[in-house]
Amino acid sequence: MLSPNSTFYPRPLGVTPAASLPQSPSAPLETSRQLVASDERDAPYFRSLEEVGIRLNGPQISAVRHGKGPLLTLAGAGCGKTTVLAARAGYLMEVRGAHAGSILLVTFTNKAATEMKDRIASLPGIRPAAARAVQARTFHSFALTLLRHYGVQEEIFGESRAQHTVLKMLLRQNGMSEAFQPESLLAMLSAWKMQGSETSDLPEKSQEERDAKRVLLGYEAWKRDRNKMDFDDILLRAAALLRDPAVLGPLQQRFQYIMVDEFQDTNSLQYEIVQKLAAAHRNLMVVGDDDQTIYTFNGARQESILEFDKVYPGARIVTLDINYRSDARILGLGSELVARNKRRRDKRLRAAGHRGDAPRFATPSNAEEEAAWVVNQLCQQVEEGLHTYRDIAILHRTASSSRAIFEQLVLKDVPFVQHGASPVFYDQSLIRPLMDHMRLSLNPRAVDALPSALGPLYVSRDAGLEWIQRSEEQQAKKYPLIHLAKWDKLKPFQQEQVKERIKLIKSLTKLKPVIAIQEMRRQFYDKYMESGDPSIFTHYKETMLETLDEFEAAAKKFETVEEFIQFADELSRRHREMESLRRSQDSDAVQLMTIHRAKGLEFPCVYWIGASEGIVPHSTALRQDIPEDQKAALTVQQTDAELDMALEEERRLAYVAITRAKQYLYVTSPASHHGKPADVSRFLLEAFGMEVPDKRKKREDGPTGNHASYGSGSSNWKGNGNTNGKANGNESRNGNAAYARSGSRPQGRDAVSPVQRGADQRSAIRQSDRRDFEVLDERDEDRLSERRGSGVIRNHTAFSTTGISQTASSSSSSRSHASGAERTETVAIWKCSSSTCKAWLRQKPDSASAKSSKKATSGPPPCPLCSGTMEASTRKVPVTGRFGR
């Protein structure tokens with residue numbers, strides 16, 4: 001049974017009591033009121049800012065006053081960079097007499113661009129017309145405006161599902177339906193274009209490269225014939241247009257002052273656009289933080305900041321180092337942690353934020369206990385009035401590492417917003433085929449589970465299902481899959497595989513779930529996902545292994561396949577019920593998101609989970625070799641220094657997690673990860689002054705471990721994998737059909753080109769699930785007028801937990817019920833008898849599938865969260881559709 005009580009300590013496990021908690025020095029209290037004398041020429045401007053509450057510190061004043069020439073502004077976390085950018089725009093207009101239309105401010109999201117324009121409009125003395133004239137735009141918005149001005153009228157083809165449909169059609173036409181996944185091909189094409197390369201220049205040394213290029217050239221031709229362009233085309237064509245002096249010259253003359261926000265996130269193509277616009281006058285101000293460069297997998301280049309003064313000799317450098325966000329001890333922990341990186345500009349942040357509490361650390365035994373501790377504590381904090389739900393954020397490394405915390409939040413009715421909402425863990429495309437095989441073991445005629453069984457048999461889903469349906473109309477079978485054994489389109493060995501697979505399915509119900517999963521992996525699933533050279537270690541092979549290991553860890557809690565399937569189906573059902581209770585973004589709800597998505601945000605209370613070796617730093621950064629699918633992104637070839645790049649990015653990721661917290665920070669480091677011992681993250685120990693020996697793995701030739709050889713699933717020709725939000729996970733289940741057989745395999749590592757690595761799309765994981773093993777980049781999703789980072793509100797007030805305050809959400813719930821917008825029904829449930837757990841499950845009704853189980857259980861199941869006893873009860877729940885499982 002899990003420990004019901006959590007204990008947080010002032011130091012991580014392994015740190016001696018003598019070690020002191022790092023603390024940032026206090027920042028000076030002087031502001032513009034003291035630093036700008038009244039007799040200075042620009043004093044009236046700063047006095048007017050002070051009248052509306054904008055009191056700038058010394059470094060901020062220096063950046064705002066900057067006139068002509070290049071300026072690198074290093075903006076530490078929470079140091080007021082948005083205020084500086086807006087204030088400088090106002091300074092240029094009010095003090096230096098710059099025309100509003102000569103100012104171009106470029107950022108990455110529409111939300112940021114809108115906020116910038118609002119900030120400028122609110123400055124004293126700035127007329128509404130002047131505020132509107134300032135060009136505060138995203139990269140894509142600026143590029144599209146440029147194209148439209150010069151007569152480019154193509155329709156924007158940006159809906160990802162439509163793009164996938166076109167690629168599926170092209171794959172069928174070329175006889176490659178099982179060879180590539182549309183999502184991955186689009187991501188590869190995006191990565192190629194963001195280097196400034198044309199599709200026609202794709203390499204074609206191997207057969208797989210030629211196949212991929214043929215399909216992608218067909219995709220480009222399809223768009224061209226229909227007068228369409230996608231988001232990557234917008235940037236690529238704008239960059240090409242700017243190479244024409246007749247186009248570039250007028251723009252350089254118009255935009256005399258250029259400012260770029262989040263400069264560390266720019267890719268090569270975006271940086272090229274900025275450099276061309278500023279080439280004539282060099283009046284370029286870039287604002288960014290090299291310590292927050294966490295998107296190199298998506299093309300971001302840390303060198304943009306590190307080498308700025310080399311590209312622009314004589315550039316001024318101003319460091320915004322006064323943090324207004326975090327408690328000095330939280331800031332000190334983050335600063336001391338990231339200072340261990342070698343590839344960075346030296347800076348130490350000073351604290352000016354409100355005092356909170358010192359960071360607290362805990363070491364639960366595993367992810368299950370970690371989730372229980374965190375959810376129990378945050379519920380207690382809300383009950384005691386210390387926080388509201390909306391004050392709290394839970395940050396995790398990858399989506400798969402949030403599985404346990406997701407289950408705790410759902411089953412305990414804690415309202416939460418899941419940013420970048422992805423399917424329930426058990427519904428992910430990598431996991432679903434294994435779940436569906438177990439469903440078929442309980443009910444071999446489960447129609448929804450049949451499609452997942454066809455892919456691993458190397459049978460076309462559409463054609464296979466059509467054959468089964470026609471055969472069923474003639475003669476129904478207990479196991480409809482058996483019809484494939486008489487299908488003349490299958491070779492004899494495939495027909496035998498069908499019979500063997502049915503034997504395996506029959507046996508699964510007799511096994512414990514974890515044994516059933518391991519047996520399926522051993523007999524067919526791991527082999528099904530293999531592709532390319534199995535000796536090549538890639539990031540995606542490692543992350544698929546991580547997801548499957550997490551799946552096995554989740555299954556260990558259950559004794560029977562039936563219990564496991566019932567739990568997973570209940571979780572999906574509850575997830576749908578929460579979907580029906582969406583509320584506005586200001587609802588009182590916990591924020592659940594990856595660390596990547598938390599960048600730029602701040603919260604009064606942060607729980608950073610998974611601060612253990614193998615999670616943060618991620619296992620892919622603990623190997624001696626850089627993954628093949630990331631090596632091409634390096635600016636120089638692999639050296640000893642480059643081997644540390646992956647680890648340094650993980651350290652920056654930890655820094656971002658810590659500096660999201662304002663007053664309270666709780667860090668948990670599970671002592672085991674997927675059944676293996678896990679040390680506390682070296683980053684935490686280093687921050688307390690401990691020297692941690694480098695134990696990074698030296699990879700042996702060939703597969704490592706029992707399940708190392710998986711399909712690469714690489715979406716990356718040059719390592720940046722820029723999906724730009726194309727893979728949004730909205731595909732239907734049939735969209736998972738593009739599982740592939742191994743094609744011709746290159747001999748040796750040197751034979752694998754970047755395109756081939758990207759073309760090895762043989763895995764069962766969809767590109768839309770990349771957030772499970774990295775993150776879907778939100779920073780570069782500046783898609784014109786699309787809404788960014790809205791998340792999904794999961795408000796549980798229709799079945800709220802007794803004793804937990806839900807003031808804000810209760811009012812909205814009562815309004816909704818009063819309007820009759822939501823119908824409820826009373827259902828039989830099992831509820832945990834523990835007063836601290838509060839988990840509940842819907843009772844399974846008597847059904848044909850239950851009767852078919854030889855091991856149908858009677859009485860209440862054990863609690864899936866705390867393993868305690870459950871008792872019968874009833875509960876009102878929202879009425880949702882009866883479709884689905």
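Up top you'll find the structure we're talking about.
These lines cover the structure that appears in this document, whether it is placed above or below. (Residues numbered from 1 in each chain as written. Predicted model: local features only at pLDDT ≥ 70, side-chain atom pairs only at ≥ 80, totals over all residues. Heavy atoms only, no water.)

As a further point, take the packing of aromatic side chains. Under the defined criterion, the tally for this structure stands at 23 aromatic pairs. Between the aromatic rings of Phe361 and Phe688, the centroid separation amounts to 5.8 Å while the plane-to-plane angle is 75°, which identifies the pairing as edge-to-face. Separated by 327 residues along the polypeptide, Phe361 in strand β11 (residues 360-362) and Phe688 in the loop between α30 (682-687) and α31 (754-759) bring together distant segments of the chain. For the pair shown, Phe361 and Phe688 are each scored as buried. Between Phe524 and Tyr525, the aromatic rings sit 6.1 Å apart at their centres with planes inclined by 80°, giving edge-to-face as the arrangement. Comparing Phe524 with Tyr525 shows no difference in burial state: the two are buried. Members of the aromatic cluster, each reached through a chain of ring pairs, are Phe425, Tyr426, Phe551, Phe558, Phe564 and Phe567. The aromatic ring of Phe524 is capped on one face by Arg501, whose charged end is 3.8 Å from the ring centroid. In this structure, Lys506 packs its charged tip against the face of Tyr479, placed 5.0 Å from the ring centre. (Phe/Tyr/Trp six-rings, centres within 6.5 Å; stacked < 30°, edge-to-face > 60°. Helix = DSSP H or I, 4+ residues; strand = E, 2+ residues; numbered from the N terminus. Buried < 20%, exposed > 50% of the residue type's maximum accessible area, 1.4 Å probe, protein only. Lys NZ or Arg CZ within 6 Å of the ring centre and 35° of its normal.)

What follows is about the sheet that holds strand β7 (residues 284-288). Overall, parallel pairing links the six strands, which are arranged β3-β2-β6-β7-β1-β8 in an open sheet. Only two strands of the sheet have a single partner each, and these edge strands are β3 (135-138) and β8 (316-320). Strand-to-strand twist across the sheet, computed as the mean angle between neighbouring axes with direction ignored, equals 15°. Where strand β2 (residues 103-107) and strand β6 (residues 257-260) come together, four bridges link them in parallel fashion. Bridge pairing links Leu105 to Met259 in β6. (Pairing = 2+ DSSP bridges. Axes fitted to C-alpha atoms, helices over the stretch in contact; angles between N-to-C directions.)

Our next topic: the pairing of strand β16 (residues 661-668). Counting buried residues along β16, six of its eight residues qualify, which places the element largely inside the surrounding structure. Alignment of β11 against β16, held across three bridges, turns out to be parallel. The residue bridging Ala362 from the neighbouring strand is Thr668, located in β16. Here strand β15 (residues 603-608) runs beside β16; their pairing, made up of five bridges, is parallel.

Another aspect to go through is the packing of helix α7 (residues 139-149) against helix α11 (residues 231-241). It is the contact of α7 with α11, at a shortest axis distance of 9 Å, that shows an interaxial angle of 60°. Relative to α11, the element α7 is oriented oblique. Regarding α7 and α11, the two cross each other, and that crossing is left-handed. Touching Phe139, His140, Ala143, Leu144, Leu146 and Leu147 of α7 are Phe231, Ile234, Leu235, Arg237, Ala238 and Leu241, all from α11. (Parallel < 35°, antiparallel > 145°, perpendicular 65-115°, else oblique. Left-handed = near helix turned anticlockwise from the far one by under 90°. Contact = heavy atoms within 4.5 Å.)

Below, the discussion takes up helix α5 (residues 110-121). End to end, α5 covers 16 Å across twelve residues, agreeing with the expected 16 Å (1.5 Å per residue, within 8%). For α5, the set of buried residues is Asn110, Ala112, Ala113, Met116 and Ile120. All buried residues of α5 project into a common sector of 165° when viewed along the axis, lining one side. Taken together, the buried residues of α5 touch α4 (81-94), β2, α6 (128-133) and β3. (Expected span 1.5 Å × (residues − 1). Arc of directions from axis to C-beta.)

Honestly, that's just the spatial picture; any functional story needs more than this.
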